[in-house]
Amino acid sequence: MRKRLISILAVCAAVALVAAGIAAAKKYPPTVVQAGNLKISLNGGFTPTALPKKGKPAPITLNVSGEIATVDGTHPPALKEVVVETDKHGSIDVKGLPTCKSGKLQAQDTKHAEKACPKAIIGKGTTDVEVEFPEQRPFVAHSKLLAFNGGVKGGKTTIYIHAYLSSPVSAAVVTTVKISKVHNGLYGTKSVATIPTIAGGSGSVKKFSLTFNRGYKNTPFLFATCPSGKLYAKATSSFADGTKLTGQFVRACKPKG
């Protein structure tokens with residue numbers, strides 16, 4: 001069964017997300033959202049952009065990216081959650097793809113996480129996390145991102161996004177994304193990414209980029225049609241200091257058929 005497209009994820013910020021953006025082959029200016037001292041730049045999209053006007057959806061590749069910063073250059077608050085709603089004309093179908101459990105990814109570096117569930121990998125990317133311990137200068141930890149299919153249960157699709165921060169901090173960060181079908185005007189899917197505490201609360205996502213392509217044995221799992229020439233997405237990012245930022249996205253597509 002097809003569950004509506006995660007555009008998301010967000011998102012991902014996480015390591016995320018999962019904070020919700022999207023970067024396409026066709027270059028778009030980023031969407032910039034600001035509240036007080038906090039600013040998020042989000043971008044992204046999908047390929048191909050020529051999609052069926054109706055009928056059977058076509059496979060797509062999705063890229064999401066973003067950057068979190070403060071206006072005055074200080075350490076940003078930690079990203080806690082990203083909620084992404086995506087167009088009702090997209091869908092995700094991971095049925096039949098190999099799955100992975102969160103427990104196999106916890107406390108694992110990137111190499112061992114990849115070995116734990118190689119057939120369940122459905123996306124790859126990178127992230128930067130800034131860590132600021134009390135009375136110390138902040139430093140940036142860079143990591144690869146791996147997205148794993150967690151399977152479908154109770155009508156919800158689960159994706160795990162793994163990152164590993166190495167020296168001087170050694171820690172695995174596993175973000176859980178829950179994707180469900182909704183009926184909300186333009187939107188047909190809701191993806192909720194929960195980012196765990198990083199470095200005891202001292203770590204904050206600064207940048208991320210994640211591409212979802214195909215699964216095991218080149219199996220497509222993201223699909224879309226293009227009835228109107230546009231596809232829509234909306235993302236809300238919540239931070240540890242209570243700040244919430246929402247960005248909306250419109251991406252052009254070319255109806256065919």
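Model, not experiment: these values are computed from the prediction.

**Some remarks on the overall build of the protein chain**
Looking only at helices and strands, one finds 1 helix and 22 strands in the protein chain. Each of the 257 residues in the protein chain was classed as buried or not, and the buried ones make up 51%. Within the protein chain, counting contacts between residues at least 6 apart in sequence, those at least 24 apart form 66% of the total. With an accessible surface of roughly 11600 Å², the protein chain has 51% of that area assigned to carbon and sulfur atoms.

**Details of the nonpolar core**
One finds Leu51, Ile159, Phe212 and Phe221 to be the most contacted residues of the largest nonpolar core, which totals 50 residues. Once residues lying within four places of it in the same chain are set aside, the contact partners of Phe221 are Ser91, Ile92, Asp93, Val94, Leu97, Ile122, Phe212, Asn213, Arg214 and Gly215. By size, the runner-up hydrophobic cluster in this structure holds 10 residues, among which are Ala113, Ala120, Ile121 and Tyr160.

**Remarks on the environment of Asn37**
Considering the arrangement of structural elements, one finds Asn37 in the loop between β4 (31-35) and β5 (38-47). For the pair formed by Asn37 and Pro76, sequence separation is 39 residues and the distance between their alpha carbons is 8.8 Å. If we ignore the near neighbours within four places in the chain, the residues touching Asn37 are Ala69, Thr70, Val71, Asp72 and Thr74. One polar contact links Asn37 to Asp72, side chain to side chain, over a distance of 3.0 Å.

**Describing a positive patch on the surface**
The grouping of Lys101, Lys104, Lys153, Lys156, Lys178 and Lys190 at the surface amounts to a positive patch. Within the secondary structure, Lys190 sits in strand β15 (residues 187-194).

**Quick word on the side chain of Thr110**
Relative to the elements of secondary structure, Thr110 occurs in helix α1 (residues 110-116). Classification of Thr110 as buried rests on a relative accessible area of 16%. In contact with Thr110, not counting residues within four places along its chain, are Ser143, Lys144, Leu146, His162 and Tyr164.

**Side note on the sheet that holds β4**
Strand order in the open sheet formed by 12 strands is β4-β5-β8-β16-β11-β12-β13-β14-β15-β9-β20-β21, and the pairing between neighbours is antiparallel. Whereas interior strands pair on both sides, the edge strands pair on one side only; in this sheet they are β4 and β21 (244-252). The sheet shows a mean angle of 20° between the axes of neighbouring strands, direction not considered. Pairing between strand β14 (residues 171-184) and β15: 7 bridges, direction antiparallel. Within β15, the residue paired with Lys178 across the bridge is Val192.

**Details of the pattern of salt bridges**
Summed over the entire model, instances satisfying the criterion amount to 2 salt bridges. Between Glu85 and Lys234 there is a salt bridge, with its nearest N and O atoms 3.5 Å apart. Of this pair, Glu85 sits in strand β9 (residues 79-87) while Lys234 sits in strand β20 (residues 230-239), placing them 149 residues apart in sequence.

**Side note on the packing of aromatic side chains**
For the structure on display, the rule yields 1 aromatic pair. Between Phe133 and Phe139, the ring centres sit 6.2 Å apart and the planes meet at 50°, which makes this aromatic pair tilted.

**A closer look at the side chain of Asn43**
Tracing the backbone through its elements, the reader meets Asn43 in strand β5. Among the polar contacts listed, one links the side chain of Asn43 to the side chain of Arg251, at a separation of 3.2 Å.

**Topic: the state of the cysteines**
In total, this model carries 2 disulfides according to the counting rule given. For Cys100, the disulfide goes to Cys117, at an S-S distance of 2.1 Å. The sign of the S-S torsion, about 60°, decides the handedness of the disulfide formed by Cys100 and Cys117: right-handed. Note that Cys100 is positioned in the loop between β10 (90-92) and α1 and Cys117 in the loop between α1 and β11 (121-131), a separation of 17 residues in sequence.

**Some thoughts on the environment of Ile40**
Mapping Ile40 onto the fold places it in strand β5. Separated by 166 residues in sequence, Ile40 and Lys206 have C-alpha atoms that sit 9.3 Å apart. Contacts of Ile40, omitting those with residues within four sequence positions, involve Thr31, Val32, Val33, Glu67, Ile68, Ser237, Phe239 and Leu245.

Parameters and conventions
Residues numbered from 1 in each chain as written. Predicted model: local features only at pLDDT ≥ 70, side-chain atom pairs only at ≥ 80, totals over all residues. Heavy atoms only, no water. Helix = DSSP H or I, 4+ residues; strand = E, 2+ residues; numbered from the N terminus. Buried < 20%, exposed > 50% of the residue type's maximum accessible area, 1.4 Å probe, protein only. Contact = heavy atoms within 4.5 Å. Areas by Shrake-Rupley, 256 points an atom, 1.4 Å probe, with all protein chains shown as cover. Core = buried A, V, L, I, M, F, W, Y, C linked by side-chain atoms within 4.5 Å. Polar contact = N/O pair within 3.5 Å; in protein donor to acceptor, adjacent residues only side chain to side chain. Patch = residues over 30% accessible without salt bridge, like charges linked within 9 Å, V, L, I, M, F, W, Y side chains within 5 Å. Salt bridge = Lys/Arg side-chain N within 4 Å of Asp/Glu carboxyl O. Lys, Arg positive; Asp, Glu negative; His and termini not counted. Charge placed at Lys NZ, Arg CZ, Asp CG, Glu CD. Pairing = 2+ DSSP bridges. Axes fitted to C-alpha atoms, helices over the stretch in contact; angles between N-to-C directions. Phe/Tyr/Trp six-rings, centres within 6.5 Å; stacked < 30°, edge-to-face > 60°. Disulfide = S-S within 2.5 Å.

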